[in-house]
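Chain by chain, the residues:
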Amino acid sequence: MATQLKNLSDFSNTTVPSGAGFKFGIVVAEWNAGITNALYQGAYQSLLTHGVAEDDIFTYAVPGSFELTSGADLLLKNIPKLDGVITLGCVIQGETRHFDFICDAVANGVSNVAIKYSKPVIFGVLTTDNQQQAEDRAGGKHGNKGDEAAITAIKMADLAKQLNF
Ligand SMILES: Nc1c(NC[C@H](O)[C@H](O)[C@H](O)CO)[nH]c(=O)[nH]c1=O
Ligand SMILES: CC(=O)[C@@H](O)COP(=O)(O)O
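Residues numbered from 1 in each chain as written. Chains lettered and ligands numbered in written order. Predicted model: local features only at pLDDT ≥ 70, side-chain atom pairs only at ≥ 80, totals over all residues. Heavy atoms only, no water.

J.: In this structure, what is going on with the sheet that holds strand β4 (residues 121-128)? I would like to understand it.
T.: One key point about sheets: their strands pair by backbone hydrogen bonds, in either a parallel or an antiparallel sense. A sheet is described by the order of its strands in space; here four strands give the open sequence β2-β1-β3-β4, paired in parallel fashion. In the strand order of this sheet, the two ends are held by β2 (57-62) and β4, each with one partner. Strand after strand, the sheet turns through a mean of 15° between neighbouring axes, direction not considered. Across five bridges, the pairing between strand β1 (residues 24-29) and strand β3 (residues 84-92) is parallel. Of the residues in β3, the one forming a bridge with Gly-25 is Val-85. Each of β1, β2, β3 and β4 touches helix α1 (residues 33-49); the most contacted strand, β3, lies at about 155° to it. (Pairing = 2+ DSSP bridges. Helix = DSSP H or I, 4+ residues; strand = E, 2+ residues; numbered from the N terminus. Axes fitted to C-alpha atoms, helices over the stretch in contact; angles between N-to-C directions. Contact = heavy atoms within 4.5 Å.)

J.: What am I meant to see in helix α5 (residues 145-163) here?
T.: Three or four residues apart is the spacing at which side chains of an α-helix point the same way, because the helix has 3.6 residues per turn. Over its 19 residues, α5 extends 27 Å from the first C-alpha to the last, a length consistent with the 27 Å expected when each residue adds 1.5 Å. Of the positions making up α5, those classed as buried are Gly-146, Glu-148, Ala-149, Ala-150, Ile-151, Ala-153, Ile-154, Ala-157 and Asp-158. Of the surrounding secondary structure, the elements contacted by the buried residues of α5 are β1, α1, β3, β4 and β6 (143-144). Among the residues of α5, the N-terminal cap falls to Asn-144, whose side-chain oxygen and the backbone nitrogen of Gly-146 are separated by 2.6 Å. (Expected span 1.5 Å × (residues − 1). Buried < 20%, exposed > 50% of the residue type's maximum accessible area, 1.4 Å probe, protein only. Polar contact = N/O pair within 3.5 Å; in protein donor to acceptor, adjacent residues only side chain to side chain.)

J.: What is the right way to read the confidence of the model for the protein chain from this model?
T.: In low-pLDDT segments, the atomic positions of the prediction should not be examined closely. With 94% of its residues at a pLDDT of 70 or more, the protein chain shows a mean pLDDT of 95. Across the protein chain, the element-wise mean pLDDT spans from 96 in β6 up to 99 in β1. This prediction of the complex comes with two scores: 0.95 for pTM and 0.97 for ipTM. (pLDDT = per-residue confidence, 0-100.)

J.: Explain the UniProt feature "active site" (unreviewed entry) in the protein chain here, please?
T.: The UniProt record marks His-98 with the feature "active site" (unreviewed entry), using the residue numbering of this structure. Tracing the backbone shows His-98 in helix α3 (residues 98-117). Taking relative accessible area as the criterion, His-98 reaches 52% and is therefore assigned exposed. (UniProt positions renumbered as here; feature names shortened; annotations may be inferred.)

J.: Sorry if this is basic, but what is going on with the UniProt feature "binding site: 5-amino-6-(D-ribitylamino)uracil" (unreviewed entry) in the protein chain here?
T.: Mapped onto this numbering, the UniProt entry gives "binding site: 5-amino-6-(D-ribitylamino)uracil" (unreviewed entry) at Trp-31, Ser-65, Phe-66, Glu-67, Cys-90, Val-91, Ile-92 and Phe-123. If you trace the backbone, Phe-66 turns up in the loop between β2 and α2 (68-78). If sequence neighbours within four positions are ignored, Phe-66 has contacts with Ile-102 and Ala-105. Of note, Ile-92 is situated in strand β3. Here Ile-92 falls in the partly exposed class, since its relative accessible area comes to 22%. Once you skip the residues sitting within four places of it in the chain, Ile-92 turns out to touch Asn-32, Phe-99, Thr-128, Asp-129, Asn-130, Gln-131 and Ala-134.

J.: For this particular structure, what's the right way to read the site of ligand 2?
T.: Taken together, Trp-31, Val-91, Ile-92, Gly-94, Glu-95, Thr-96, His-98, Phe-99 and Ile-102 make up the full set of residues near ligand 2. Contact between ligand 2 and Glu-95: an oxygen atom at 2.7 Å from a main-chain N or O atom of the residue. Between ligand 2 and His-98 there is a distance of 2.5 Å, counted from an oxygen atom to a side-chain nitrogen or oxygen. Contact with the protein chains removes 72% of the 330 Å² of surface that ligand 2 exposes when unbound. Looking at the shell around ligand 2, the elements with two or more residues in it are β3 and α3. (Near = heavy atom within 4 Å. Areas by Shrake-Rupley, 256 points an atom, 1.4 Å probe, with all protein chains shown as cover.)

J.: I'm lost on the packing of α1 against α5 in this one. Help?
T.: When two helices pack together, their arrangement is captured by the angle between the axes and the distance separating the axes. One way to put it is that α1 packs onto α5 with a least axis distance of 6 Å and a crossing angle of 35°. Here the hand of the crossing between α1 and α5 comes out right-handed. Here Leu-39, Gly-42, Ala-43, Ser-46 and Leu-47 of α1 come into contact with α5, specifically with Lys-145, Gly-146, Asp-147, Ala-150 and Ile-154. Considering only residue class, the contact of α1 with α5 consists of five nonpolar, three polar and two charged. (Left-handed = near helix turned anticlockwise from the far one by under 90°. Nonpolar A, V, L, I, M, F, W, Y, C, P; charged D, E, K, R; others polar.)

Structure, rendered in structure tokens:
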């Protein structure tokens with residue numbers, strides 16, 4: 001399998017621009033809080049590591065991943081001069097098709113918010129079959145999706161900065 005034994009958060013072969021001067025919102029789902037808190041720590045520390053100032057990071061919680069879309073919209077609408085929003089969540093398959101509807105809704109939703117505001121809205125949502133897969137991607141053997149989301153946010157904000165001459 002493509003991810004077998006791989007650290008999906010290894011950015012050693014890529015250049016990460018400086019995040020200094022960028023302002024980011026982070027929206028974190030409270031569902032599966034043990035996982036989403038780990039995703040948040042990864043994202044927050046990655047932003048700091050790459051130069052984003054603590055005062056330029058605006059963090060808010062929403063109940064579940066389904067609410068990440070409206071959370072991202074509210075941040076971009078109400079916080080001036082955000083360079084992007086990172087959404088963090090963890091959806092784990094249950095007994096019903098509810099998983100499918102949430103995953104589809106939030107993936108499409110955050111994409112629509114990004115287009116609406118012409119700002120990067122990063123999909124940092126784990127969509128897993130089980131708890132172990134989630135733990136493996138929230139600081140486990142497959143890395144931390146929060147780290148990936150933060151670096152993606154910086155890269156996209158830098159791209160926008162380059163093009164917004
Ligand atoms: N089952 C999971 C949920 N469910 C809750 C929804 O996200 C939403 O809050 C509810 O449907 C009300 O609108 N959320 C997750 O983030 N992860 C899950 O595994
Ligand atoms: C992804 C979900 O909403 C899920 O955890 C809910 O579980 P179920 O499908 O068994 O109701």
